[in-house]
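# Report on the structure
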Amino acid sequence: MADPAYRINVWINEERFARLQNSPVADMVREVFAGLKVIEVPVSEEQKDRILKRFPSAKCDTATTRTIELLPRAAKDLLFNLVAENRSVEVVDRFLETVEAQP
Amino acid sequence: MQAGSVDNTLSPHGGKLVERLADPAVARERLGRLTAIPVKDQTARECISIAYGFFSPLEGFMGRADVDAVVHRMQLANGYVWSIPIVFDLSEQEIAEYGIRAGDTVLLTYQGQPLATLDVEEIFDYDKEEMARHVYGTTEEKHPGVRRTYAYKDRFLGGRITLVNEPVFNPPYDRFWLTPRETRQRFEANGWKRVVAHQTRNVPHSGHEWLMKGAWFNAEADAILVNPVVGEKRVGDYIDEAILLGHDMLRQAGYFREDVHTVTMLLWDMRYAGPREAVFHAIVRKNLGCTHHMFGRDHAGVGTYYDTFAAHRIFSEIPDLGIKPVLTLEWWYCPECAGIAYEGLCGHKDKRQAFSGSVIRSILLDGVKPPRMIFRPEVFDVVMRCADEYGFGTPFVTEEYLRNRRPVFTLRPLDAAERRQAVG
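This is a predicted model, so every value here is computed, not measured. (Residues numbered from 1 in each chain as written. Chains lettered and ligands numbered in written order. Predicted model: local features only at pLDDT ≥ 70, side-chain atom pairs only at ≥ 80, totals over all residues.)

### Considerations on the environment of B:V326
Residue and element names in this part refer to chain B. Along the chain, V326 falls in strand β14 (residues 324-327). With 21 C-beta atoms packed within 10 Å, V326 lands in the buried category. Along the backbone, V326 and H293 are 33 residues apart, and their C-alpha atoms lie at a distance of 5.7 Å. (Helix = DSSP H or I, 4+ residues; strand = E, 2+ residues; numbered from the N terminus. Buried ≥ 20, exposed ≤ 12 C-beta atoms within 10 Å, placed from the backbone.)

### Some remarks on the interface of chain B and chain A
Between chain B and chain A, the residue contacts involve 22 residues of the former and 20 residues of the latter. The greatest single-element share of the side of chain B that touches chain A, amounting to 6 residues, is contributed by helix α12 (residues 357-365) of chain B. Looking at side-chain class alone, the side of chain B that touches chain A contains 12 nonpolar, 8 polar and 2 charged residues. (Contact = placed C-beta atoms within 7 Å. Nonpolar A, V, L, I, M, F, W, Y, C, P; charged D, E, K, R; others polar.)

### Notes on the nonpolar core
Judged by nonpolar contacts, the single largest core of 146 residues is most densely connected at A:V10, A:V41, B:C47 and B:V196. Ignoring any residue separated from it by four or fewer positions in sequence, one finds A:V41 in contact with A:R7, A:I8, A:V10, A:L79, A:V83, A:V89, A:V91 and A:V92. (Core = buried A, V, L, I, M, F, W, Y, C linked by C-beta atoms within 7 Å.)

### Some words on the pairing of strand β1 (residues 6-12) of chain A
Residues and elements named next belong to chain A. Taken across its 7 residues, β1 has 6 buried, putting it largely inside the fold. Bridge count for β1 against strand β3 (residues 36-43) is 7 bridges, and the pairing is antiparallel. Paired with I8 across the strands is V41, a residue of β3. (Pairing = 2+ DSSP bridges.)

### Regarding unusual backbone geometry
All names here are of chain B. With an omega dihedral of 15°, the bond running from S56 to P57 counts as a cis peptide bond. Looking at the secondary structure, you find P57 in the loop between α2 (41-52) and β2 (60-61). The omega torsion of the bond from P171 to P172 falls at 5°, within 30 degrees of zero and hence cis. Tracing the backbone shows P172 in the loop between β8 (168-169) and α7 (180-190). One non-glycine residue, A338, lies in positive phi territory at about 55°. With respect to the helices, strands and loops of the structure, A338 is situated in the loop between β15 (331-334) and β16 (339-342). Taking the C-beta count within 10 Å as the criterion, A338 has 10 such neighbours and is therefore assigned exposed.

### Description of the confidence of the model for chain B
Mean pLDDT over chain B stands at 93; residues scoring 70 or higher make up 96%. Both scores are given for the predicted complex: the pTM is 0.90, the ipTM 0.85. (pLDDT = per-residue confidence, 0-100.)

### With respect to the packing of helix α3 (residues 73-86) of chain A against helix α4 (residues 92-101) of chain A
All names here are of chain A. It is the contact of α3 with α4, at a shortest axis distance of 10 Å, that shows an interaxial angle of 135°. Comparing their axes, α4 and α3 come out oblique. The crossing of α3 and α4 is right-handed. Residues A75, L78, L79 and L82 of α3 form the contact with α4, whose participating residues are R94, F95, T98 and V99. (Axes fitted to C-alpha atoms, helices over the stretch in contact; angles between N-to-C directions. Parallel < 35°, antiparallel > 145°, perpendicular 65-115°, else oblique. Left-handed = near helix turned anticlockwise from the far one by under 90°.)

### A look at the packing of helix α5 (residues 128-136) of chain B against helix α6 (residues 144-151) of chain B
Residues and elements named next belong to chain B. Where α5 meets α6, the axes come as close as 9 Å, and the angle between the chain directions of the two elements is 155°. In terms of axis orientation, α5 runs roughly antiparallel to α6. The interaxial crossing formed by α5 with α6 has right-handed handedness. Counting all contacts with α5, which are made through K128, M131, A132, V135 and Y136, the residues of α6 involved are G145, V146, T149 and Y150.

### Focus: the pairing of strand β7 (residues 155-163) of chain B
All names here are of chain B. For β7, the tally of buried residues reaches 8 of 9 residues, placing the bulk of the element in the interior. Note that β2 and β7 share 2 bridges and pair antiparallel. Of the residues in β7, the one forming a bridge with F61 is G159. Sheet topology places strand β3 (residues 89-90) next to β7; 2 bridges connect them, and they run antiparallel. Counterpart to D89 in the pairing with β7 is F156. Bridging between strand β5 (residues 113-119) and β7 involves 3 bridges; their strand directions are antiparallel. Paired with A116 across the strands is L163, a residue of β7. Bridge count between strand β6 (residues 122-124) and β7: 3 bridges; the pairing is antiparallel. Looking at the pairing, F124 lines up with F156 of β7.

Listed below in structure tokens is the structure:
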């Protein structure tokens, strides 16, 4: 996806980083804020609206960072698992399929 | 002094610190004869704030003339600047059932205990949509302040209140509760003549820390008063305990010297009124004795309702309040400067790494410890301790926290209050 409208930052601790070894996604891990690892998952406008509808407590910072923040921990874990299993950051459609199928 | 003119810098708004506290023994004598009206959380908090003078010169809930002047001219009927209506709402049916008439004195109760008397000077209605349009600049119900306005019942009772039962603040709030009089006494005891206020509802990250340090330099201040608002919470907010103890930790861990920093709290339900709320915050902190108040980007804003710097511009559009606004731009992490940098100084804007409060919360939600450059480890540790001790495992407000949190304050039966006063 070229120039995504929005992003979800998946913050990477040691445990998550270990799961990405030998995956092409490891090369997409960036370091920000003087040593914090992050993977940026691209999100389209339409996907952003669906995510905010499914997770009302989440917020889209349209002014500063253009990121979707405050997704519940379980949702972020699912997103990371999809990234690790699919060896790709293009996982938001599958993420939405999963969470929208849940009651 | 002419209404609306400048007070001397350290005087309260309106020139006199309001204190409306009754002797419990005297109060109990009268209370049995009064109609008791249970009040909601917001009204209880506002009774306490009015009675101790946080809202000076207000002596009670506003009548129609004050509400009308606030809504349309952002001032009280007497001309003093005021930006947010402070009202007590009841339904017409409740007023009929209680038999309340103008001229009556009623007893407001909370937690099943007496709280304050209200001398009902008038009962009136007001167009809530008109109120919302002027105060919030929108009538959209998704704005939390508008929603709060629309939730008011259909009648308002204006009149002076008198606190008859002083609240007892529970740990850890008891360490941070100071009345305006006590706050001023602390400033005086510490020799602080220039104090800059920091309004917050967040656990501090380095952007907040540097906002405060920058304002301290800018104001040539003796000290910083961190004054978090404690009021209605929403799911996903930081829990109040983490906010207060996190800020206090910045000083305990030495990021601020002991003699330049203090933390107290304000009972207030955020209206998210952007520039109008900025004016309100300035007035309240003036009443605490502050000489300066810092305002960052999007102060007290929500969504995209207000321009990023609307709260900066408003202070040039109103009479001098006697508390100086310290207007600040953004602080960010700059990989070129290899540190926290200020928008007004850093020439690497295209490489900046902005961190909003939401970004930091997102990191914590992921269970990741942020680098000390952007979030102090001592603050992280105390926030996580608060999660265990007060937050049912998380530093963020949950439904469980809303249901079962420890109360901020408790009202005791009046005879216990009398005994407390006698001992005191």
